[in-house]
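The lines below spell out each chain.
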Amino acid sequence: MTEPRYHVVAIGNAIVDVLAQADDAFIAAEGMAKGSMQLVFSPEEADALYAKMGPGREVSGGSAANTIAGIAALGGKCGFIGQVADDQLGEVFAHDIRAVGIDYTTAPRAGDPPTARCLIFVTPDGQRTMNTYLGASQFLPESALDLDLIRDGQILYLEGYLWDPEEPRGAMRRAIAVAREAGRKVAFTLSDIFCISRHRADFLRLLADGDLDILFANENELLSLTESDDFDMACKTVAAQVPVLVVTRSEKGAIAICDGERAECPAEPIEKVVDTTGAGDLFAAGFLHGQAEGRSVAESLRLGAICAAEIISHYGARPMVDLKALAKQKLG
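Residues numbered from 1 in each chain as written. Predicted model: local features only at pLDDT ≥ 70, side-chain atom pairs only at ≥ 80, totals over all residues. Heavy atoms only, no water.

Time to look at helix 10 (residues 279–292). The end-to-end C-alpha distance of helix 10 is 20 Å, a good match for the 20 Å that 14 residues give at a rise of 1.5 Å each. Helix 10 sits mainly inside the fold: 12 of its 14 residues count as buried. Along helix 10, the residues that are buried comprise D281, L282, F283, A284, A285, G286, F287, L288, H289, G290, Q291 and A292. Positive backbone phi, approximately 90°, marks G294, located one or two places after helix 10. (Helix = DSSP H or I, 4+ residues; strand = E, 2+ residues; numbered from the N terminus. Expected span 1.5 Å × (residues − 1). Buried < 20%, exposed > 50% of the residue type's maximum accessible area, 1.4 Å probe, protein only.)

Two elements in contact, helix 8 (residues 219–226) and helix 9 (residues 231–239), have axes whose closest approach is 9 Å; the angle formed by their N-to-C orientations is 70°. Between helix 8 and helix 9, the angle falls in the class roughly perpendicular. Crossing of helix 8 against helix 9: the hand is left-handed. Taking contact as the criterion, the partners of E219, L222, L223, L225 and T226 in helix 8 are, on helix 9, F231, A234, C235 and V238. A per-class count over the contact of helix 8 with helix 9 returns 7 nonpolar, 1 polar and 1 charged. (Axes fitted to C-alpha atoms, helices over the stretch in contact; angles between N-to-C directions. Parallel < 35°, antiparallel > 145°, perpendicular 65-115°, else oblique. Left-handed = near helix turned anticlockwise from the far one by under 90°. Contact = heavy atoms within 4.5 Å. Nonpolar A, V, L, I, M, F, W, Y, C, P; charged D, E, K, R; others polar.)

Looking now at the packing of aromatic side chains. Tallying each qualifying case throughout the model produces 10 aromatic pairs. Here the aromatic rings of Y157 and F216 are separated by 6.0 Å at their centres, their planes lie at 85°, and the arrangement is edge-to-face. Of the two residues, Y157 sits in strand 9 (residues 153–159) while F216 sits in strand 11 (residues 214–218), which places them 59 residues apart along the sequence. The class of Y157 is buried, set by a relative accessible area of 1%. For F216, a relative accessible area of 5% translates into the label buried. One aromatic cluster is present, built from ring pairs that chain together F80, F93 and Y104. A cation over an aromatic ring shows up here: R109 above the ring of F139, its NZ or CZ 4.7 Å from the ring centre. Between R249 and the ring centre of F231, over which it is positioned, the NZ or CZ distance is 3.8 Å. (Phe/Tyr/Trp six-rings, centres within 6.5 Å; stacked < 30°, edge-to-face > 60°. Lys NZ or Arg CZ within 6 Å of the ring centre and 35° of its normal.)

Okay, structure coming up:
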């Protein structure tokens, strides 16, 4: 087996995030479920909601893209595969993700639909309510996969959100097979309860077939996957099927179970939660980078907590400090 050139290669939705502040009254008036993600099914609907937003900020986003950007900020060498359209937002995404040192070569898709965008409303308590128009990202075909890039990644990281559309689901299954053939590890994040409710059988099959080495979930997602209200039992059930299970629990910190051994990490203290956008994504970045560097599971959890704390202390899902220096300061 050849040495990998990349620490992590990710496949996910290629989305441009638009973030703006909003109050609870606006969230209620628009019929949104505060703190959740809902899909927008047409560009017209997305445009209408965008017109109601206050001053916003645009940045390349998407769950796996946020994670891979975090790993790059920690000093990791990364690649990303995701579909944009041949339009202005597609150019924004490609420029932004390459500017942070990530190898991104997926060709843009001609014609409609346009590049995906996520309209994120951040309330004063730091909660983010996301409205996602998936656009071109949900049409990632198997033919767009850079198989050599996948083979060259120490860890292949897959985004559960992208499992929903049929075409990228097939591409991700192919990517898993390629990574497995190359002797690489495969990590998967469940992403959201709505993904689990639609694809629980698929996710359980991935576990049963031994296709995953690392599974990320938050507490509610884990309970949804197992259709249980007993957290410890849910952990035990899933941990028996995957070498490494990582579960985030918001202010209660996070746990990881590796080959039956449980490690725990408290949440990193911060002065104020400003915006929880990307908290789970950056936690995954810290954990994956720790694993790629050969750190212990406990150290990887701590690095994840450090990254998550940095991201929720400001608006947006991209670091505003030198994450590599911060990790060195905190962990040595």
